[in-house]
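Coordinate inspection notes
So you can see what is in the structure, the chains are spelled out below.
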Amino acid sequence: MAVLLMTPGKPVSTESLIRKVWDESPPANARNSLYSHVARLKSRLHGAGEDVRLRGGSGTYSLETDPENIDYHHFRALCSRARSVTENGDVDDAFRLYGEAGRLWRGEPLSGLSGSWVVHTRRKLENDLLTGTVERVELELLHGSNTDLVPELYDLVNRFRFHEKLVELLMLALYRAGRQAEALGAYRQAHRRLVGEHGAEPGPGLRALHQRILQGDPALLPESWRGTPGSWRGASGGWRGASGNTPLTSLPRDVRTFVGRTPEINRLIDERIREDAVTVLAIDGMAGVGKTALAVHLAHRLADDYPDGVLYLDLLGYDAEHASMDPATALERLLRLLGIPVPGDLDERVARWRTALARRKVLLVLDNAIGHDQLGPLLPGAPGCLVLITSRRRLAGLDDVHSLSLEVLPPQEGAALFGRVVDSRRALNADDVARVVRLCGHLPLAIQLAGSRLRHRPAWSVADLAELLGRNDRRLTEIRAGNRGITAAFELSFNGLDEWQQQAFWRLGLHPGADITADCAAALLETDRAEAERLLDDLLDHHLIGEPRRGRYRFHDLIGEYARLLSSREPESARAEVLRRVLDHYLRMADTADRLLYPHRTRGPAEMSGASGPGTGIATEEQALAWMNAEADNLLLVTRYAADHGWTRHAALLPRVLGRYLDVWVRWAEAAELHTRAVEAWRELGNWSGTAYALADLSVVRRQTGRHEEALRLADEALTIQRALDDERAVADLLDSRGLVYWQRSEFDVALDCFERALRLRRALADRHGQAASLTHIGIIHSYRGDYPKAIEYLLGALGLYRQGGDRRGQQVALNNIGEIEFKLGNYTTALGHYEEAGSVYPDMGPQNKAIWLNNVANVYQLLNRHADALECYRQALQIHSNIGDRRHEVDALNNIGNCYARMGRDEDALVHHQKALRISIEILDRREESQALLSIGGIHHRANHHDAALAHFKKALAVAHAIGDVHQEARTLDEMGTALADTGEKARAEECWRRALGLYESLGVVEAELVRARLAR
């Protein structure tokens, strides 16, 4: 049985079986014994089903079954598929396939059997198992799995004691898990085994890895894990000044909780190395970001390089109890620190200070500065000294200064800081810590305050603290410890603003989006753009707002909450007026952009137009698209805010003006949410026309996401309303939308009826753009039904109307579909020309249309034998469809990739893609792609001589194609069925299939008819 299982479908001679079963010592009655064994196997296999048969004849035996019914062959196929999907970047699918393959192995192969053939075969099976396992482990190591692999690798190394690749993988997993000593120990054990039992040294690969681990080579780590280079360290030595005495220092202690900041420290150290002038390093940033901690830490690091003293002075720029220090007072403090008499005149103090520092190496830390006027007199005048400055303001007025704007901590460093503040001995759940750090906005002061509070609450867990901070509108009040709170730090910065800046700050806090531009700020502040830009720059200089991208400003989480806290103290009427201006601004801008991008779109009754106001600054289609792309996230947040806070009119209008953009750029999940809220808003307003348009918009999204029944229900509800309102243009749009749902369900007759009814209405309304859309859709249906001349006629009519109306998007769609028909007719060069024109007439097509276009171009490349180009386009299309959740077109791309692999002779890779396409097409009820997948899988079985399986798939494909009325697919299936039947000797049935295929091909007028006619003539 084992011999036959290794070669399913292939005859094995009696002599070969005897030799493999009994080696060179068969019994005298070997043939009779073999016959008895075979008879028992036939009896046992009788109940296994029709797909397993043990056949004998002409001195041979063969086991007839699909190889994948046998674990070993199924294992190899799964590994092959895993390799294929890995090439396409589908790592999750590869992990699934390798895991499924691994689960097929249970115990020792051929356990309980003996003989030279068994030993040889067992070794082969184990080698295949090892190959698949090594491939999986290498893939897991590549994607970050290390610790979980260690036990498995130890077990494999123990089982296969001289397999050096397994030792390498074990060492790498241990090293990446931080277990360097164990990794080196694994090498020593392997070395002892190889030398002791084989007298051979390890191979060059294993030896090289050993050396790299000894040296701690960071390149062995995944890129995402590699840290920054080691910190620079000053020369060692004592603290001796020029006089030989211990140098003066007034530097505060370096706190034990300081963490991270390695890149910032390295940058500051690099910038201080100059001999010709005083080096001035300025660290600016928002309140609580850790400027002072960094400056003090860096000063301690560099102290040995400045033997004449390390001086620290707090300039009190942001102190609740003291006024900021003026230059004269600051110089007085510094001179007294040095024991130098203090003159009364400011200029004399400056001169004496600079004379004292001349030809000396002093490090000076000036903390909490408020501006360049305060700092200028304090700077040394001769080279040799280093000045570190901290400020909440950008010191743009200070000449020849190296500035570093300090940002909040990365998540890992924030978690490390929290752990140091709380207590290293306390158990801390990593997820809870991450949540607390996030709620603290990764701001060091906030993390320290929260950690200190937890440290002194032994009954609390980190989860308790996270729950407390997560309560709405409580974060600022809860981030405190003792009499210290985060709000006090922000208040000091706020108090440094003038009255107009303070008003701008709290008004900006009401903005409901993610970030804000100068145009939006101008609307919100009721001023012009130039003044808005000046105010934003002022707040930016004070680090009360950030500019993460040019021209786009945003608050840090906690600063934004502080701004909203301040705004809550203003009269409700003032807050409402600010919000109204913001919402009107976005509605007006979005409506302008929508009209430029989609000028032919039905807009509804007059009361649906946007808010009035000043010019938008959007004058072209390109500007409109750029604005929409930049503001899309803000528009979604603003619309949600309007719906949640009673701005019903804006909650109704905004989704309508955003609907087409969200559809084209496949933001379907957000669109569904917004249109659902719009339906509710229009109903609340009692506006039935608006309700119907919102229902129609929601129906489009449901269709795009494959929820066809809901799409039809919503469209029907909207249709009832629009018919009652006698809005015939809206009725035509809804009929067209319903037709698209039925088209996607492969119900072509119903779809055609909807499209033709829509066309009649649009002609009566003289709606030329609507007519073009209807003609396009009717042409597509005729193409699917195999009437290519009529399809071309309708599509050319649509193209003409689109060109007359200057609609480049419409032209692109029509040209793409014309190219597809030319492709089916075998006019590949002509088809490619249409596709290229489609790509050039409107290159800024949305992702869905881009992927469809790529797929069509690839189809031509495939038949022109440009397989590499075809696969590249198919894979791009597949990636886009997968990313946007367009499963219908994802199936099309999968089938096409499979067909391309098949043309390249890579049937195993082809099968992987067709099987995935079949699974998805059944899930989403796409019967056309289901038929295509079945046909292609049947072709693969045919080429592998699995004739029964091939015919079974062809019959299923034929039934589906006939049911949906896809004539071309039906003809292709009959054609391939005929070939499969001919190869099994059933000539009469084959010719019947070919004749039926020929009749269909001739009705279509396609090139395949000539091939079938020639086949029948032979």
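Rules and cut-offs
- Residues numbered from 1 in each chain as written.
- Predicted model: local features only at pLDDT ≥ 70, side-chain atom pairs only at ≥ 80, totals over all residues.
- Heavy atoms only, no water.
- Helix = DSSP H or I, 4+ residues; strand = E, 2+ residues; numbered from the N terminus.
- Buried < 20%, exposed > 50% of the residue type's maximum accessible area, 1.4 Å probe, protein only.
- Contact = heavy atoms within 4.5 Å.
- Areas by Shrake-Rupley, 256 points an atom, 1.4 Å probe, with all protein chains shown as cover.
- Pairing = 2+ DSSP bridges.
- Axes fitted to C-alpha atoms, helices over the stretch in contact; angles between N-to-C directions.
- Phe/Tyr/Trp six-rings, centres within 6.5 Å; stacked < 30°, edge-to-face > 60°.
- Patch = residues over 30% accessible without salt bridge, like charges linked within 9 Å, V, L, I, M, F, W, Y side chains within 5 Å.
- Salt bridge = Lys/Arg side-chain N within 4 Å of Asp/Glu carboxyl O.
- Lys, Arg positive; Asp, Glu negative; His and termini not counted.
- Charge placed at Lys NZ, Arg CZ, Asp CG, Glu CD.
- Expected span 1.5 Å × (residues − 1).
- pLDDT = per-residue confidence, 0-100.
- Parallel < 35°, antiparallel > 145°, perpendicular 65-115°, else oblique.
- Left-handed = near helix turned anticlockwise from the far one by under 90°.
- Nonpolar A, V, L, I, M, F, W, Y, C, P; charged D, E, K, R; others polar.
- Polar contact = N/O pair within 3.5 Å; in protein donor to acceptor, adjacent residues only side chain to side chain.
- Core = buried A, V, L, I, M, F, W, Y, C linked by side-chain atoms within 4.5 Å.
- Disulfide = S-S within 2.5 Å.

All right, on to the overall build of the protein then. Summing up its helical and strand segments, the protein has 46 helices and twelve strands in all. Overall, the protein is about 120 × 95 × 55 Å in size when its C-alpha atoms are taken along their principal axes. With 1018 residues in all, the protein has 52% of them scored as buried. Here the analysis covers contacts within the protein between residues at least 6 apart in sequence; of these, 64% occur between residues at least 24 apart. Accessible surface for the protein amounts to roughly 46,200 Å². Of this, 49% is attributable to carbon and sulfur atoms.

Let us look at the sheet that holds strand β8 (residues 402–405). Reading across from one edge, β5-β6-β7-β4-β8 is the order of the five strands in this open sheet, with parallel pairing throughout. Each edge of the sheet is formed by a strand with only one pairing partner; in this case those strands are β5 (310–314) and β8. Going across the sheet, the axis of each strand differs from the next one's by a mean of 15 degrees, ignoring polarity. In this fold helix α12 (residues 291–302) packs onto β4 (279–284), β5, β6 (363–369), β7 (386–391) and β8, with an angle of close to 165 degrees to the strand it touches most, β7.

The subject of this paragraph is the packing of aromatic side chains. Geometry of an aromatic ring pair is reported as the spacing of the ring centres plus the angle between the planes. Taken as a whole and judged by the stated rule, the model has nine aromatic pairs. An angle of 80 degrees between the planes, with centres 6.3 Å apart, marks the rings of Phe494 and Tyr562 as edge-to-face. You can see Phe494 sitting in helix α21 (residues 486–495) and its partner Tyr562 sitting in helix α25 (residues 557–567), a full 68 residues away along the chain. A residue is classified by how much of its surface remains accessible, and Phe494, at 11% relative accessible area, is buried. When the ring of Phe505 is compared with that of Phe555, the centres are 5.5 Å apart and the planes differ by 85 degrees; the resulting orientation is edge-to-face. Highlighted residues: Phe505 in helix α22 (residues 499–508) and Phe555 in the loop between β12 (552–554) and α25, separated in sequence by 50 residues. Through successive ring pairs, a cluster of aromatic residues spans Phe490, Phe494, Phe505, Phe555 and Tyr562.

Taken together, the side chains of Arg253, Arg256, Arg420 and Arg455 present a region of like positive charge at the surface. Among the secondary structure elements, Arg420 is positioned in helix α16 (residues 411–422).

Between its first and last C-alpha, helix α24 (residues 529–541) extends 18 Å over 13 residues, near the 18 Å set by a 1.5 Å rise per residue. Those residues of α24 that fall on the buried side of the exposure criterion are Ala532, Leu535, Leu536, Asp538, Leu539 and Leu540. Check the buried side of α24 and you find it contacts α22, α23 (518–525), β11 (546–549) and β12. Directly beyond the C-terminal end of α24, a positive phi value near 55 degrees is found at His543.

With that out of the way, let us pick up the pattern of salt bridges. Evaluation of the coordinates by the stated rule reveals 68 salt bridges. For the salt bridge of Arg667 with Glu670, the shortest nitrogen-to-oxygen distance reads 3.2 Å. Among the salt bridges present, the one from Glu709 reaches Arg745, with a minimum N-O distance of 2.5 Å. In this pair, Glu709 sits in helix α31 (residues 708–725) while Arg745 sits in the loop between α32 (728–744) and α33 (748–764), placing the two residues 36 residues apart along the sequence.

For the rest of this paragraph, the subject is unusual backbone geometry. Even without glycine at this site, His442 takes up a positive phi of about 60 degrees. Here His442 shows up in the loop between α17 (430–439) and α18 (444–455). Its identity is not glycine, yet Glu526 carries a phi of approximately 55 degrees, on the positive side. Structurally, the position occupied by Glu526 is in the loop between α23 and α24.

What follows is about the confidence of the model for the protein. Mean pLDDT for the protein: 86, with 94% of residues reaching 70 or above. For the stretch residues 224–244, pLDDT sits under 50, and the model shows 41 contacts to residues farther than four places along the chain or on other chains. In this model residues 606–613 is a low-confidence stretch, pLDDT under 50, and it forms 20 contacts with partners more than four residues away in sequence or in other chains.

Our focus in this paragraph is the environment of Val582. Tracing the backbone shows Val582 in helix α26 (residues 572–597). By relative accessible area, Val582 is classed as buried at 1%. Taking C-alpha positions, Val582 is 81 Å from Arg55, a pair spaced 527 residues apart along the chain. Contact partners of Val582, with chain neighbours within four places excluded, come to His511, Pro512, Cys520 and Leu524.

Quick look at the sheet that holds strand β1 (residues 12–13) now. Taken in spatial order, the three strands of this open sheet run β1-β3-β2, and their pairing is antiparallel. At either end of the open sheet lies a strand with only one pairing partner, and these are β1 and β2 (52–57). As defined by bridge partners, β1 adjoins strand β3 (residues 60–65) across two bridges and the pair is classed as antiparallel. When the bridges of β3 are listed, Ser13 appears paired with Thr60. Running at roughly 150 degrees to β2, helix α3 (residues 30–45) makes contact with β2 and β3 of the sheet.

Turning to the packing of α18 against helix α19 (residues 462–469), a few remarks are in order. Interaxial distance between α18 and α19 falls to 10 Å at its minimum, and their mutual angle equals 130 degrees. When the axes of α18 and α19 are compared, the pair comes out oblique. As for the relative orientation of α18 and α19, their crossing is right-handed in sense. From α18, Ala450, Arg453 and Leu454 reach across to α19, where they touch Val462, Leu465, Leu468 and Leu469. When its residues are assigned to classes, the contact of α18 with α19 shows six nonpolar, no polar and one charged.

With that settled, the discussion passes to the pairing of β3. Summarising the sheet, β2 and β3 pair through six bridges and their orientation is antiparallel. Note on β3: the bridge partner recorded for Gly57 is Thr60. Here β2 hands over to β3 after two residues, with Ser58 in that stretch at a positive phi of 55 degrees.

On to the side chain of His511. Tracing the backbone through its elements, the reader meets His511 in the loop between α22 and α23. For His511, the side chain forms a polar contact with the main-chain nitrogen of Gly513, separated by 3.1 Å. Among all residues touching His511, those that are not within four sequence positions of it are Ile516, Cys520, Leu524, Val582, Tyr586 and Asn634.

Our focus in this paragraph is the nonpolar core. Counting residues in hydrophobic clusters, the biggest one holds 141 residues, and the most contacted among them are Phe418, Phe490 and Phe505. Those residues in contact with Phe418, other than ones at most four positions away along the chain, are Val433, Val436, Val437, Ile447, Ala450, Gly451, Leu454, Val462 and Leu465. Core analysis: the next-biggest nonpolar cluster, separate from the first, contains 91 residues, Leu759, Leu801, Ala831 and Val860 among them.

All chains considered together, the criterion is met by zero disulfides. Left unpaired, Cys900 is separated from the closest cysteine sulfur, that of Cys873, by 10 Å.

On to the packing of helix α30 (residues 688–704) against α31, then. With their axes 8 Å apart at the nearest point, α30 and α31 run at an angle of 155 degrees to one another. Comparing the axis directions of α30 and α31 gives the class roughly antiparallel. Seen from above, α30 lies across α31 with left-handed handedness. Note on element contacts: α31 touches α30 through His708, Glu710, Ala711, Leu714, Ala715, Glu717, Ala718, Ile721, Gln722 and Leu725, opposite Trp688, Ser689, Thr691, Ala692, Tyr693, Leu695, Ala696, Leu698, Ser699, Arg702 and Arg703. Along the lines of polarity and charge, the residues of the contact of α30 with α31 split into twelve nonpolar, five polar and four charged.

As for its position among the elements, Leu337 is in helix α13 (residues 327–337). Classification of Leu337 by relative accessible area gives partly exposed; the value is 32%. Measuring from C-alpha to C-alpha, the distance between Leu337 and Leu248 comes to 8.3 Å, with 89 residues separating the pair along the chain. In this structure Leu337 touches Leu248, Ser250 and Tyr312, once residues within four positions along its chain are discounted.

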